Amino acid sequence: MKYLSLLAFASISLSAQKTQLTDALATKLSEMPLKCIEQEYPNKTAHIINSLQEVSLSPKDLHPSFYGCFDWHSSVHGHWMLLKILKEKPNLAQSWRITKILDKSFNAESLKKEAQYFTKYDLAKNFERTYGWAWILKLDEELATWDTPQARTWHQNMKPLTDEILRMWKDYLPKQTYPNRTGVHPNSAFAIGFAIDWARKIGDKDFENQLVQKVKNFYLKDEKTPAYLEPDGSDFFSPSLEIADLMRRVLSQKDFENWLDQFYDKRSLENISQIPIVSDLSDYQTIHLAGLSFSKAWCMKGISRALSNSHPLKKQFEDTAEHFLKNGMPLIFSSNYGGDHWLASFAVFAISNVD
């Protein structure tokens, strides 16, 4: 397959300086989850009301740890972001605020109630499947790899919730006959990628093997993906890039390159390199497209690292990822609560995605 220069990228003049999580940027971004983690309303609970007794339950009644930031999954990845910043930059001026809020959320009793939610309510077993589940594992992974007394305590307190998520995922995985190839929350490739990362860091070989086999069943035969049709109007994932970023986790470099060469054609490559047009930063759905720049960036960075130096897409994806980062950053600070409650964590993950 011949790769031509991406037309969308050819006219872009990029700054030589890579986007980094400086102290100043970390401070500014951290203000968003610091504000929203304890902000209960507005809220989209996604709880299925199964009886009259459940009608009056507030977000905090249902989720004593992860009730803020508009919805459960955004609260979870907001916590991940604060933990990541505290872990990497413990000397920031607001570190005490971050520590205080995390210590409250990682309370043992609150997290037990979070775990019990999935069995207490009759229709809760598919709550946040599998997007929120993936972020729980990413949060747990971050705690598991930080060897401090406080982190060890928080990690131990998380165990009932992590164990419950793992139990449900292992139960669901054999039943998942088809992948979800969407650009929003149910996307299977994104979630499985995070699950594989967790399984490898924690050492759950059985879960890792189940996931890898499922990945190959779902995506190994994919070719000529119609990425020229991306994105949909409220996407924050590129379905094709999420698949490619997943496949680099499970194939050898040679096999991955062979697979990738069949996966994309020129038209699709040119299209996925286009900057998303965000026509209304105040719209809670349209603002998803701002997040698309960050998820594209982290996928392209991961794919680029997996490719050999001679592969034509290595440098193109590395440079285009930086282009997406530079485009997305100003949008974070230009939206209303529709973006404030989640975009910063996407940015931090995209910047720090160096696994």
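Residues numbered from 1 in each chain as written. Predicted model: local features only at pLDDT ≥ 70, side-chain atom pairs only at ≥ 80, totals over all residues. Heavy atoms only, no water.

*Asks:* Help me understand the side chain of serine 65 in this model?
*Replies:* Its location among the elements puts serine 65 in the loop between α3 (59-62) and α4 (72-88). With residues near it in sequence (within four places) discarded, serine 65 still touches Ser75, His79, Ser105, Ser110, Leu111 and Glu114. (Helix = DSSP H or I, 4+ residues; strand = E, 2+ residues; numbered from the N terminus. Contact = heavy atoms within 4.5 Å.)

*Asks:* Any chance you could explain the packing of helix α9 (residues 188-202) against helix α10 (residues 205-219) here in plain terms?
*Replies:* Relative orientation and spacing of two packed helices are given, respectively, by the angle between their axes and the distance between those axes. At a minimum axis distance of 9 Å, the contact between α9 and α10 shows a crossing angle of 150 degrees. The angle between α9 and α10 places the two elements in the roughly antiparallel class. Considering only the axes of α9 and α10, their crossing is left-handed. Contact residues: Ser188, Ala189, Ile192, Ala195, Ile196, Trp198, Ala199 and Arg200 in α9; Phe207, Glu208, Leu211, Val212, Val215, Phe218 and Tyr219 in α10. Each residue belonging to the contact of α9 with α10 can be placed in one class, and the counts come to 12 nonpolar, one polar and two charged. (Axes fitted to C-alpha atoms, helices over the stretch in contact; angles between N-to-C directions. Parallel < 35°, antiparallel > 145°, perpendicular 65-115°, else oblique. Left-handed = near helix turned anticlockwise from the far one by under 90°. Nonpolar A, V, L, I, M, F, W, Y, C, P; charged D, E, K, R; others polar.)

*Asks:* For this particular structure, what's the right way to read helix α14 (residues 288-306)?
*Replies:* Residues that lie three or four places apart on an α-helix share one face, since the helix turns once every 3.6 residues. Compared with the 27 Å implied by 1.5 Å per residue over 19 residues, the 27 Å span of α14 between its first and last C-alpha is a close match. Counting buried positions over the 19 residues of α14 gives 18, a clear majority of the element. (Expected span 1.5 Å × (residues − 1). Buried < 20%, exposed > 50% of the residue type's maximum accessible area, 1.4 Å probe, protein only.)

*Asks:* Can you walk me through the side chain of glutamate 242 in this structure?
*Replies:* Along the polypeptide, glutamate 242 turns up in helix α11 (residues 239-250). Here glutamate 242 occupies a buried position and makes no salt bridge, while the nearest side chain of opposite charge, arginine 249, is found at 6.3 Å. Other than its neighbours up to four places away in sequence, glutamate 242 contacts Asn187, Ala189, Phe190, Phe237, Ser295, Trp298 and Cys299. (Lys, Arg positive; Asp, Glu negative; His and termini not counted. Salt bridge = Lys/Arg side-chain N within 4 Å of Asp/Glu carboxyl O.)

*Asks:* Quick question: what am I supposed to make of the nonpolar core here?
*Replies:* In globular proteins that are soluble, nonpolar side chains generally tend to be buried together. In this structure, Trp169 and Phe207 are the most contacted members of the largest nonpolar core, which totals 115 residues. When residues of this core are assigned to their parent elements, the largest contribution, 10 residues, is made by α14. Contact partners of phenylalanine 207, with chain neighbours within four places excluded, come to Leu137, Leu166, Trp169, Lys170, Leu173, Ala195, Trp198 and Ala199. (Core = buried A, V, L, I, M, F, W, Y, C linked by side-chain atoms within 4.5 Å.)

*Asks:* So what exactly am I meant to see when it comes to the state of the cysteines here?
*Replies:* Any covalent bond linking the sulfur atoms of two cysteines counts as a disulfide. All chains considered together, the criterion is met by one disulfide. For cysteine 36, the disulfide goes to cysteine 69, at an S-S distance of 2.1 Å. Between cysteine 36 and cysteine 69, the S-S dihedral sits near 75 degrees, and the bridge is therefore right-handed. Linking cysteine 36 in helix α2 (residues 23-36) with cysteine 69 in the loop between α3 and α4, this pair joins segments that are 33 residues apart in sequence. Residue classification places cysteine 36 among the buried residues on the basis of a relative accessible area of 2%. On the basis of relative accessibility, which here comes to 0%, the residue cysteine 69 falls in the buried class. (Disulfide = S-S within 2.5 Å.)

*Asks:* Sorry, what's going on with unusual backbone geometry here?
*Replies:* Most peptide bonds adopt trans geometry, and most residues besides glycine take a negative phi value. Note the cis peptide between tyrosine 41 and proline 42, where omega equals 0 degrees. Residue position: proline 42 is located in the loop between α2 and α3. At alanine 46, a residue that is not glycine, the phi angle is positive and equals roughly 60 degrees. When you line up the elements, alanine 46 lands in the loop between α2 and α3. Here the phi dihedral of glutamate 128 falls at roughly 60 degrees; this positive angle occurs in a residue that is not glycine. Mapped onto the secondary structure, glutamate 128 falls in the loop between α6 (108-120) and α7 (131-144). Given the relative accessible area of 13%, glutamate 128 is considered buried.

*Asks:* How do you make sense of the pattern of salt bridges when you look at a structure like this?
*Replies:* Side-chain pairs of opposite charge can arise whenever the charged atoms involved come near each other. Inspection of every chain in the model, using the stated rule, returns 25 salt bridges. The partner of aspartate 163 in a salt bridge is lysine 159, and the shortest N-O contact between them spans 2.7 Å. Remark: lysine 159 and aspartate 163 occur in helix α8 (residues 149-172); sequence separation between them is four residues, near one turn of the helix. Overall, lysine 159 belongs to the partly exposed group, its relative accessible area being 40%. With a shortest N-O distance of 2.6 Å, glutamate 270 and lysine 266 are connected by a salt bridge. Here glutamate 270 and its partner lysine 266 are both found in helix α13 (residues 266-272), four residues apart, which amounts to about one turn of the helix. Since its relative accessible area comes to 34%, lysine 266 is described here as partly exposed.

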